[in-house]
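# Examining the three-dimensional arrangement
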Amino acid sequence: MRRSHTRRVPVALLVPATIGLLFLLLPLVGLLVRTPWGTLPQRLTEPGVLTALRLSVQTATLATLLCLVLGVPLAWLLARVPFPGRRLVRALVTVPLVLPPVVGGVALLLVFGRRGLLGSWLDETFGVTLPFTTTAVVMAQAFVAMPFLIIAVEGALRGADTRYEEAAATLGAGRWTTFTQVTLPMIAPGVAAGAVLGWARALGEFGATITFAGNYPGRTQTMPVAVYLALETDLEAAIVLSLILLTVSVVILASLRDRWVGTP
Amino acid sequence: MRLRTTLAAVGVLAVLLVTGCADDRAEPPVAGDGTGGELTVFAAASLTESFTRIGQDFEAARGVKVIFSFAGSSGLAAQINQGAPADVFAAAAPAPMATVVEAGNAADEPVTFVRNQLVIAVPKGNPDGVTSLRDLTGPDRKVALCAEQVPCGAAARAALAAAGVALTPVTLTQDVKAALAQVRLGEVDAALVYRTDARAAAEVEGVEFPESAGAINDYPVVVLTDAANPAAARAFVEHLRSEAGRAVLVAAGFQVP
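Everything numeric here is computed off the predicted structure, so don't read it as measured data.

### A word on the layout of surface pockets
Of the volumes computed, that of the largest pocket is approximately 700 Å³. Lining the largest pocket are 33 residues; nearest its centre among them are Pro217(A), Gln221(A), Glu148(B), Gln149(B) and Leu172(B). When residues of the lining of the largest pocket are assigned to their parent elements, the largest contribution, 5 residues, is made by helix α5 (residues 151–163) of chain B. When its residues are assigned to classes, the lining of the largest pocket shows 21 nonpolar, 7 polar and 5 charged. Considering only enclosed or pocket space, the second largest pocket measures out at about 300 Å³ in volume. Taken together, 13 residues make up the lining of the second largest pocket; nearest its centre are Trp76(A), Glu165(A), Ala169(A), Arg175(A) and Thr178(A). At the level of secondary structure, the elements contributing two or more residues to the lining of the second largest pocket comprise α4 (47–80), α10 (162–170) and α11 (175–204) of chain A.

In structure tokens form, the structure reads like this:
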């Protein structure tokens, strides 16, 4: 009786759900079907591939660290400190989520480019130019990844019980001590979830990177940029690069998502 | 019940969307003399300005609606070989055209309709006083080149080799317009682009250099096997080689073979 009850799935839900699943999974299957498995070992050890992969992993990790250092305090501010215009600020920090990444790249260029608002000052005063550098890659990745972290951390902060923080304060803990000893451990899963999502987003970043950082092997050519360029001449190479990126993303998300992002 | 109907309708719609997307091109009404209907032209990014102009003339003369897709030639060739619907393909070099021919997607023999030569694109007024390729090699010089996978990059590499100049660009762009854009933005001091691209951009001037003679790109054009409107496609290729077509191309800075 109970069994038949749980098994009765309305067709009206099952059909679109199945189509949705296929729509999301079939492209991944397509990638696997077309992968040149025979020549895969040689392709994987081509120096260009490893260089791009290493650069991608390094820059995505740096971008995630940058997001943590800047994003966690910002999320705390948004969650715990009432200030005028907080709603607007909260909306604005999530804009990169919906902004086309290329637009983000153009915006970064207009601010940090050699003729940009801050960039021209950096260039004239310190002789520092950011576009076409690995720093630019990290900045582009952090720009698109930070909202993921902020949303996750802010959600965790709002869900956390503030009585523990109040208790710590009554016991004489300063604000910083309360934050590091009480608040942070409490929201650690949320921070970790945000960091993982941010890392995955940074790893896949393409539009802002190619616009703001350009493409040069070993310096700014990340995996997604390498895929795009490989597509111009060598479909097999593009497939292999895509497969690596897919594998890395799935491994990271699958091993961490259930633990930190999944519902209990 | 109403919700269920709605959900079912959504499901059906989703199926229709998924299965129907493959063929959303309207049936072109093809007339025997190549007039009427639509024409899809895949063309190298460097042909953007001149082809847009020629497309307008062609539309006015033949009543054919011309739709262009401008991008790096190699990328367009890859799209065509993956089944992208197009009637005409104009490439910036023989190599990407060859991949289309080898894949059996060319209906005719490709014909060279123009040639293009590289120049050094610098900001208007040439603030750094660039006169030769060697001037691009200073330690503080920021130069953009096309990636060697695309024709302008292959040509740039040939020209640099001919001049015996080794330079490390700050970026390798996916097509010639992206390299030019970096000069226009002021993010690089110079880029190697086609003469036609430098001429089309108001903020930029082109510095001619002798070694570009060793890296002249032939632009082939061809009617594609799967052309939905082959008559209009042939008429377009003819128009390119007509007096009117040549005039536009020469004005843009192309050489006519």
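From this point, things continue past the structure.
### Topic: helix α2 (residues 11–34) of chain A
Over its 24 residues, α2(A) runs 33 Å from end to end, which matches the ideal 34 Å to within 8%, given 1.5 Å per residue. The axis of α2(A) is deflected most strongly, by about 35°, at Leu25(A), and proline Pro27(A) appears within four residues downstream.

### Quick notes on the nonpolar core
Core analysis: the largest hydrophobic core is formed by 73 residues, its most contacted members being Leu39(B), Phe51(B), Phe113(B) and Ile120(B). Core analysis: the second largest hydrophobic core is formed by 39 residues, Ala63(A), Ala75(A), Ile150(A) and Val240(A) among them.

### Here we look at the packing of α4(A) against α11(A)
Residue and element names in this part refer to chain A. Relative orientation of the contacting elements α4 and α11 amounts to 135°, with a least axis distance of 9 Å. In terms of their interaxial angle, α4 and α11 are classed as oblique. Crossing of α4 against α11: the hand is right-handed. Where α4 approaches α11, its residues Ser56, Val57, Ala60, Thr61, Ala63, Thr64, Leu68, Val72, Trp76 and Arg80 are matched on the opposing element by Phe179, Thr183, Leu184, Val191, Ala195, Gly198, Trp199, Ala202 and Leu203.

### Structural notes on the interface of chain B and chain A
At the junction of the two partners, chain B supplies 28 residues and chain A supplies 24 residues. Taken over both partners, the interface formed by chain B and chain A buries close to 2,300 Å², and the fraction arising from carbon and sulfur atoms is 61%. Arg114(A) serves as the salt-bridge partner of Asp189(B), at 2.8 Å between the closest nitrogen and oxygen. Counting every contact that joins chain B to chain A gives 8 residue pairs in polar contact (both at pLDDT 80 or more). Secondary-structure elements contributing two or more residues to the side of chain B that touches chain A are α1 (2–20), α3 (73–81), β7 (171–173) and α6 (176–185) of chain B. The biggest single contributor to the side of chain B that touches chain A is α1(B), with 7 residues.

Calculation notes
- Residues numbered from 1 in each chain as written.
- Chains lettered and ligands numbered in written order.
- Predicted model: local features only at pLDDT ≥ 70, side-chain atom pairs only at ≥ 80, totals over all residues.
- Heavy atoms only, no water.
- 1 Å grid on protein atoms, 1.4 Å probe; cavity = no way out; pocket = protein on both sides within 12 Å on 5 of 7 lines; lining within 4 Å.
- Points joined across faces, edges and corners; volume = space filled by probe spheres on them.
- Helix = DSSP H or I, 4+ residues; strand = E, 2+ residues; numbered from the N terminus.
- Nonpolar A, V, L, I, M, F, W, Y, C, P; charged D, E, K, R; others polar.
- Expected span 1.5 Å × (residues − 1).
- Bend = angle between axes of the 7 residues up to and from the residue.
- Core = buried A, V, L, I, M, F, W, Y, C linked by side-chain atoms within 4.5 Å.
- Buried < 20%, exposed > 50% of the residue type's maximum accessible area, 1.4 Å probe, protein only.
- Axes fitted to C-alpha atoms, helices over the stretch in contact; angles between N-to-C directions.
- Parallel < 35°, antiparallel > 145°, perpendicular 65-115°, else oblique.
- Left-handed = near helix turned anticlockwise from the far one by under 90°.
- Contact = heavy atoms within 4.5 Å.
- Buried area = accessible area lost by both parts, 1.4 Å probe.
- Salt bridge = Lys/Arg side-chain N within 4 Å of Asp/Glu carboxyl O.
- Polar contact = N/O pair within 3.5 Å; in protein donor to acceptor, adjacent residues only side chain to side chain.

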